[in-house]
Amino acid sequence: MSELTTTQPAGTPTWIDLGIPDLDRAMTFYGALFGWDFDVGPAEFGHYTQCLLRGRPVAAIRPNPDPDATDFWWNVYFATDDCDAAAARARDAGGSIITGPMDVLDQGRTAIIKDTTGAQCGLWQAGAHIGCEIVNEPNALLRNDLVTAESGPARDFYVAVFGYTLDANPDMPELDFTFLRRPDGHEIGGIAGDPKATKSRWGTLFQVDDADAAARRAVDAGGTSAEPYDMIYGRVAHITDPFGTEFDVGAAMTS
C-alpha cells in the first residue's frame, strides 16, 4: 500500500489525466478495469472528474475540450516546486510551452510543455491538490516512460529541466533505455529509444494484480488488449480503451 499525504519531490511523476469524447463511457470502462469510483466535477470546470481508489484520487478524466480530437493519451504531470521556473527551463532547453503557467484555483499551479522531440507533459506545483494519493499498488499508477526515436535530445532536455541523472539499464543492455533519476538517486521512469517510433509520447503503466485478468476486463468493457507477455520485471498487457487511448498494465511475476 502506497498512500501519499504530502507533495512528491520535484521531478517525480505526480498526476495523470485524460481527455476523452464521452465521459460516461470512460467511467464505465475504467471503473470496470480498475474498480475506480468517480467524483464528477461541475460544468464550469469542464466536468473534470477525479478517479478514486479507496476514496483517494489516483487520476482524472474529463470530456475533451476539442470536439474534433481523434488522438487521446494519458498526460503525465511532473512535480515542481516552482512551475514558472520549470517552464522557463523547458523553453530555454529548446522546448515549448503549450499552456500556462497558470493557477488552478487553490489546487495548484500548472503548465503544459512540449519537449524537443515533440512529447507533451505537464508541470504541477501542488497547492491543495498534491497529485495522486495512491501509487505503486494495484489499480494505481506505477510508472511512466518516454518512447521516442530521438533519445539523445530527450535525455538532454529532461536533464536540463529537472536535473535528472542518467543510468543505462544493465538488465537489458541490448535496448536503448535510460533510467531517469532525481538528484536524490530515486528512479522516476525512463527514456526508451525506438527508431521505429513515429511520435514521441510519455507512456503510462498501471499496476494490477493479474495482467491476464485485467486484459480480459478491458476487452469485456469495450476496449482491446494485445496478448499479455512476460518480461524481466513482470507480466504486461498493452491496452487500448474505447477511444483509442493506449496504456499498459503490469503485474509482478508469479512463481
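Refer to the structure above for everything that follows.
Bringing the state of the cysteines into the picture now. This structure, assessed with the given rule, holds 0 disulfides. No disulfide involves cysteine 83; its sulfur sits 11 Å from that of cysteine 121, the nearest cysteine. On the basis of relative accessibility, which here comes to 0%, the residue cysteine 121 falls in the buried class.

Attention now goes to the packing of aromatic side chains. Throughout the structure, instances matching the rule amount to 19 aromatic pairs. Taken together, a centroid distance of 4.8 Å and an interplanar angle of 35° make the contact between phenylalanine 34 and tryptophan 36 tilted. Taken individually, phenylalanine 34 and tryptophan 36 each receive the classification buried, so the pair is uniform in this respect. An angle of 90° between the planes, with centres 5.3 Å apart, marks the rings of tyrosine 158 and tryptophan 202 as edge-to-face.

What follows deals with the pattern of salt bridges. Applying the stated criterion across every chain yields a total of 15 salt bridges. The residue glutamate 3 makes a salt bridge to arginine 56 at a minimum N-O spacing of 3.3 Å. A residue pair is termed long-range when its members are at least 10 positions apart, and glutamate 3 in the segment before strand 1 (13–20) and arginine 56 in strand 4 (residues 56–63) qualify at 53 residues. Assessed through its relative accessible area of 33%, glutamate 3 is described here as partly exposed.

This next bit is on helix 4 (residues 211–220). Taken residue by residue, helix 4 has Ala211, Ala213, Ala214, Ala215 and Ala218 as its buried positions. Against the buried residues of helix 4 lie helix 1 (23–34), strand 14 (224–225), strand 16 (234–240) and strand 17 (246–251). Where helix 4 terminates, the next one or two residues include glycine 222, which has phi positive at roughly 105°.

The 8 strands are arranged 2-3-4-1-5-8-7-6 in an open sheet whose pairing can be described as mixed. The open sheet has two edge strands with one neighbour each: strand 2 (37–39) and strand 6 (96–104). Put simply, the sheet's adjacent strands are angled 25° from each other on average, direction ignored. Helix-sheet contacts for helix 1 involve strand 1, strand 2, strand 3 (49–53) and strand 4, and the interaxial angle to strand 4 is about 145°.

Our focus in this paragraph is the nonpolar core. Counting 64 residues, the largest nonpolar core has Trp36, Trp74, Tyr158 and Phe247 as the members making the most contacts within it. The element contributing the most residues to this core is helix 1, with 7 residues. Excluding its chain neighbours within four sequence positions, the residues that come into contact with phenylalanine 247 are Phe29, Tyr30, Leu33, Phe34, Trp74, Thr204, Phe206, Ala237, His238, Ile239 and Asp241.

We now examine unusual backbone geometry. Here the residue pair glycine 100 and proline 101 is connected by a cis peptide bond, since its omega of 0° sits within 30 degrees of zero. In this fold, proline 101 is placed in strand 6. At arginine 54, a residue that is not glycine, the phi angle is positive and equals roughly 55°. With respect to the helices and strands, arginine 54 occurs in the loop between strand 3 and strand 4. Within the chain, leucine 105 stands out as a residue other than glycine whose phi angle is a positive 50°. Within the element layout of this structure, leucine 105 appears in the loop between strand 6 and strand 7 (108–114). The exposed category is assigned to leucine 105, whose relative accessible area is 61%.

At a closest axis distance of 8 Å, the pairing of helix 2 (residues 83–92) and helix 3 (residues 151–162) adopts a crossing angle of 150°. In terms of axis orientation, helix 2 runs roughly antiparallel to helix 3. Handedness of the helix 2/helix 3 crossing: right-handed. The residues of helix 3 that touch helix 2, namely those facing Ala86, Arg89 and Ala90, are Phe157, Ala160 and Val161. For the contact of helix 2 with helix 3, the per-class residue count stands at 5 nonpolar, no polar and 1 charged.

So, how was this worked out
Residues numbered from 1 in each chain as written. Predicted model: local features only at pLDDT ≥ 70, side-chain atom pairs only at ≥ 80, totals over all residues. Heavy atoms only, no water. Disulfide = S-S within 2.5 Å. Buried < 20%, exposed > 50% of the residue type's maximum accessible area, 1.4 Å probe, protein only. Phe/Tyr/Trp six-rings, centres within 6.5 Å; stacked < 30°, edge-to-face > 60°. Salt bridge = Lys/Arg side-chain N within 4 Å of Asp/Glu carboxyl O. Helix = DSSP H or I, 4+ residues; strand = E, 2+ residues; numbered from the N terminus. Contact = heavy atoms within 4.5 Å. Pairing = 2+ DSSP bridges. Axes fitted to C-alpha atoms, helices over the stretch in contact; angles between N-to-C directions. Core = buried A, V, L, I, M, F, W, Y, C linked by side-chain atoms within 4.5 Å. Parallel < 35°, antiparallel > 145°, perpendicular 65-115°, else oblique. Left-handed = near helix turned anticlockwise from the far one by under 90°. Nonpolar A, V, L, I, M, F, W, Y, C, P; charged D, E, K, R; others polar.

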